[in-house]
Amino acid sequence: MAYKQPTQKQISDLVGGSPMDVAFNPETGALCVIGPTGQKFRFTHQDWQKRDLPEAEKPEPPQEAPPKPKKARKSKPDTI
C-alpha cells in the first residue's frame, strides 16, 4: 500500500522548526527527518498521522494534587 507524503507543515510541527532534510518511504509510510538542530528523527506512519488529529494536539494538562497542609510543630517546654 502506498502512503501519502506528509505536508511540510506536518513535518515542521513534528520536529519543531524547518527541517534540513526529509526522506519519505511511500511503501511503508516511514518518515526520516533531520531537524533544525541536526538531530535525526524517525517516525512511522502511525506516529505522524496521530499527531495530525485534533485531540492529539491538545493533551489534557496533568492534574496537580493540592499541597498538603503543614503540621504545626509543638514547642518544647522551657526548662530552667
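What counts, and at which threshold
- Residues numbered from 1 in each chain as written.
- Predicted model: local features only at pLDDT ≥ 70, side-chain atom pairs only at ≥ 80, totals over all residues.
- Heavy atoms only, no water.
- pLDDT = per-residue confidence, 0-100.
- Helix = DSSP H or I, 4+ residues; strand = E, 2+ residues; numbered from the N terminus.
- Buried < 20%, exposed > 50% of the residue type's maximum accessible area, 1.4 Å probe, protein only.
- Arc of directions from axis to C-beta.
- Contact = heavy atoms within 4.5 Å.
- Pairing = 2+ DSSP bridges.
- Axes fitted to C-alpha atoms, helices over the stretch in contact; angles between N-to-C directions.
- Core = buried A, V, L, I, M, F, W, Y, C linked by side-chain atoms within 4.5 Å.

Draft legend 1. The arrangement of the confidence of the model for the chain in detail. Looking at the chain, the pLDDT average stands at 80 and 82% of residues meet or exceed 70. Across the chain, strand S1 (residues 21-24) holds the top mean pLDDT of 93, while helix H3 (residues 54-57) sits lowest at 49.

Draft legend 2. Structural detail: helix H1 (residues 8-15). Among the residues of H1, those classed as buried are Gln10, Ile11, Leu14 and Val15. All buried residues of H1 fall inside an arc of 120 degrees around its axis, so they share one side. Exposed residues pointing more than 90 degrees away from the buried face of H1 are listed as Lys9 and Asp13. Where the residues of H1 are buried, they touch S1, strand S2 (31-34), strand S3 (40-43) and helix H2 (45-50). A positive phi of about 75 degrees marks Gly16, the residue just after H1.

Draft legend 3. Examining the sheet that holds S1 more closely. Reading across the sheet, the three strands line up as S1-S2-S3 and stay open at both edges, with antiparallel pairing between neighbours. Across the chains shown, the open sheet's two edge strands, defined by having one partner strand only, are S1 and S3. In this sheet, neighbouring strand axes are inclined to one another by 15 degrees on average, regardless of whether the strands run parallel or antiparallel. Pairing analysis gives four bridges linking S2 to S3, with the strands arranged antiparallel. By the bridge assignment for S3, Cys32 is matched with Arg42. Contacts from H1 reach S1, S2 and S3 within the one sheet, and its direction differs from that of S2 by about 65 degrees.

Draft legend 4. Representation of the nonpolar core. With eight residues, the main nonpolar core is built from Ile11, Leu14, Val15, Phe24, Leu31, Val33, Phe43 and Trp48. Those elements giving two or more residues to this core turn out to be H1 and S2. No other element matches the three residues that H1 contributes to this core. Sequence-distant contacts of Trp48, that is, excluding residues within four places in its chain, are made with Lys4, Gln5, Pro6, Gln10, Leu14, Phe24, Gly29, Leu31 and Phe43.

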